[in-house]
Amino acid sequence: MVQIPKQPVPPSPAQRPVPTSADVARLAGVSRATVSYVLNNTSAVRISEPTRRRVHEAAEELGYVPHAAARSLRAGHSRMVLMPTPSVPVGPLYSQFLNELQWALGRLDYTVVQYGSVGLHGDDAARAWAELRPVAVLVPGSDLGPQGVAVLKRSGARAVVTLGPERVEGAHALLMDHDKVGHSAGVHLLARGRHRIGVVVPEEPGLEIFSRSRLDGVRRSLTGTDATATELSLAYGEGAAARLAARWRALGLDAVFAYNDEYAMLLMRALQEESVGIPDETAVIGADDLMLGRLLRPRLSTVHIELPSGRDLAELVDRMVREPGATPESHEVLGARVVHRDST
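Residue numbers here run from 1 along each chain, matching the order of that chain's written sequence. For a predicted model such as this one, the threshold for reporting local features is a pLDDT of at least 70, and the threshold for listing and counting side-chain atom pairs is 80 or more; totals across whole chains, interfaces and linings nevertheless cover every residue. Derived side-chain values reflect all non-hydrogen atoms in the structure, with water molecules and hydrogen atoms excluded from consideration.

K.L.:
Quick question: what am I supposed to make of unusual backbone geometry here?
P.N.:
Most peptide bonds adopt trans geometry, and most residues besides glycine take a negative phi value. Here the amide bond leading from I278 into P279 is cis, since omega sits at 10°, within 30 degrees of zero. Topologically, P279 is positioned in the loop between helix 12 (261–273) and strand 9 (283–287). With an omega dihedral of 0°, the bond running from R297 to P298 counts as a cis peptide bond. Within the secondary structure, P298 is located in the loop between helix 13 (291–295) and strand 10 (301–306). One non-glycine residue with positive phi stands out, namely S275, at about 60°. For the purposes of this entry, the term helix denotes a DSSP run of H or I that reaches at least four residues, the term strand denotes a run of E that reaches at least two, and both are numbered from the N terminus. Take S275: it is sitting in the loop between helix 12 and strand 9.

K.L.:
Looking at this structure, how should I read the nonpolar core?
P.N.:
Inside soluble globular proteins, nonpolar side chains tend to come together where they are buried. If you look at the biggest cluster of nonpolar residues, it comprises 43 residues, and the most contacted ones within it are L105, L138 and F257. Among buried residues, those of type Ala, Val, Leu, Ile, Met, Phe, Trp, Tyr and Cys that are joined through side-chain atoms within 4.5 Å constitute a nonpolar core. Relative accessibility under 20% of the residue-type maximum defines a buried residue, over 50% an exposed one, and the middle range a partly exposed one, all with a 1.4 Å probe and only protein chains included. With 26 residues, the next largest nonpolar core counts V200, L267, I278 and L300 among its residues.

K.L.:
Is there a simple way to think about the sheet that holds strand 9 in this case?
P.N.:
Two orientations exist for strands paired in a sheet by backbone hydrogen bonds: parallel and antiparallel. In space, the 6 strands of this open sheet follow the order 7-6-8-9-10-12, with mixed pairing throughout. Every interior strand has two partners, whereas the edge strands, strand 7 (228–234) and strand 12 (335–339), have only one. When the angles between neighbouring strand axes are averaged without regard to direction, this sheet yields 20°. Where strand 9 and strand 10 come together, 3 bridges link them in parallel fashion. Among the inter-strand pairings, A287 is bridged to a residue of strand 10, identified as V303. Residues are treated as being in contact if the distance between any of their heavy atoms lies within 4.5 Å. Axis geometry follows a simple rule: fit a line to the C-alpha atoms, using only the stretch in contact for helices, then measure angles between N-to-C directions, giving values from 0 to 180 degrees. Lying over the sheet, helix 9 (residues 208–221) contacts strand 6 (196–202), strand 7, strand 8 (255–257), strand 9 and strand 10, oriented at roughly 170° with respect to strand 6. Pairing between strands is defined by DSSP: at least two bridges between the two strands are required.

K.L.:
Could you clarify how one ought to interpret the packing of helix 10 (residues 238–246) against helix 12 in this entry?
P.N.:
Two quantities define a packed helix pair, namely the angle between the axes and the distance from one axis to the other. Close contact between helix 10 and helix 12 brings their axes to 8 Å; oriented N to C, the two are set at 50°. Between helix 10 and helix 12, the angle falls in the class oblique. Crossing of helix 10 against helix 12: the hand is right-handed. Taking contact as the criterion, the partners of E238, A241, A242, L244 and A245 in helix 10 are, on helix 12, L266, L267, A270 and L271. Residue composition of the contact of helix 10 with helix 12, grouped by class: 8 nonpolar, no polar and 1 charged. Oblique is the label for any angle not under 35 degrees, not over 145, and not in the 65 to 115 range, which are roughly parallel, roughly antiparallel and roughly perpendicular in turn. The sense of a crossing depends on the near helix, which, turned anticlockwise from the far helix by less than a right angle, makes the crossing left-handed and, turned clockwise, makes it right-handed. Three classes are used: nonpolar for Ala, Val, Leu, Ile, Met, Phe, Trp, Tyr, Cys and Pro, charged for Asp, Glu, Lys and Arg, and polar for all others, with Gly counted as polar.

Next comes the structure, spelled out in structure tokens:
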């Protein structure tokens with residue numbers, strides 16, 4: 001075991017007083033009210049640009065930042081939007097989407113806090129989130145229930161928004177129905193003349209909220225045809241992919257929807273190691289339209305997933321916060337279209 005050497009504790013420097021808005025006002029030559037208007041981005045009061053610049057320069061020189069708790073007391077609520085960290089590996093596409101949403105909320109003067117709730121689920125997680133008194137909570141996945149929504153609202157949350165496949169009573173819903181992703185892949189493979197289609201279902205826990213819907217979508221696309229869909233359980237690892245590829249010809253499949261691009265790339269390499277021709281023997285399609293898929297040979301066909309812009313969703317959340325008594329809304333926010341490349 002590597003031990004971290006102990007370092008001597010340095011003497012504490014003399015503590016400097018915390019700068020206040022009064023200090024900023026004296027340095028900038030303005031009133032404390034003007035400092036408040038400028039630093040809180042108040043639009044109801046007109047402040048000249050030179051004055052705004054003086055206030056910002058004074059605040060930066062003194063190292064002053066507004067007190068979040070005091071601002072919350074004045075507003076009657078916090079400006080904190082809490083986003084629990086997803087408990088499943090969401091991949092590059094959704095990471096980029098969530099990052100864009102956080103940036104857009106910040107532009108609307110919300111403080112976005114990511115909460116790591118490992119080990120907490122359902123109502124227990126909701127109680128932990130409520131302790132921070134957020135003005136809004138954006139919950140990925142489907143773990144939150146009606147009781148958890150009620151706990152958050154009683155704690156002062158003006159908007160509880162779920163991002164997942166189903167609605168939760170009392171919460172706004174941004175619906176992401178992954179059935180469309182599988183359906184698009186199945187329709188494409190049928191059109192390419194494929195009739196014995198494998199569908200990868202990842203073994204990684206938590207991904208079933210996406211993978212089962214995608215499998216259902218493929219099956220729905222084959223309704224009324226003589227084509228079949230075979231479920232293929234696969235762990236994300238080279239060994240698991242190699243074992244599946246070793247028995248590929250015995251399965252008699254002529255196509256595979258590999259859940260997403262990452263699993264598709266993993267499986268495609270394993271199939272090539274077994275000299276399975278792509279797309280001649282087996283067509284391969286992924287999802288998410290990652291750039292790496294365009295660099296493969298053969299280039300990977302994929303389902304491009306269309307998500308709303310972070311800016312549009314941030315404005316929607318802002319409206320929900322400003323209208324806390326409104327009836328919970330439901331918006332479908334996921335679209336899907338196939339990008340046909342060489343692998344199919």
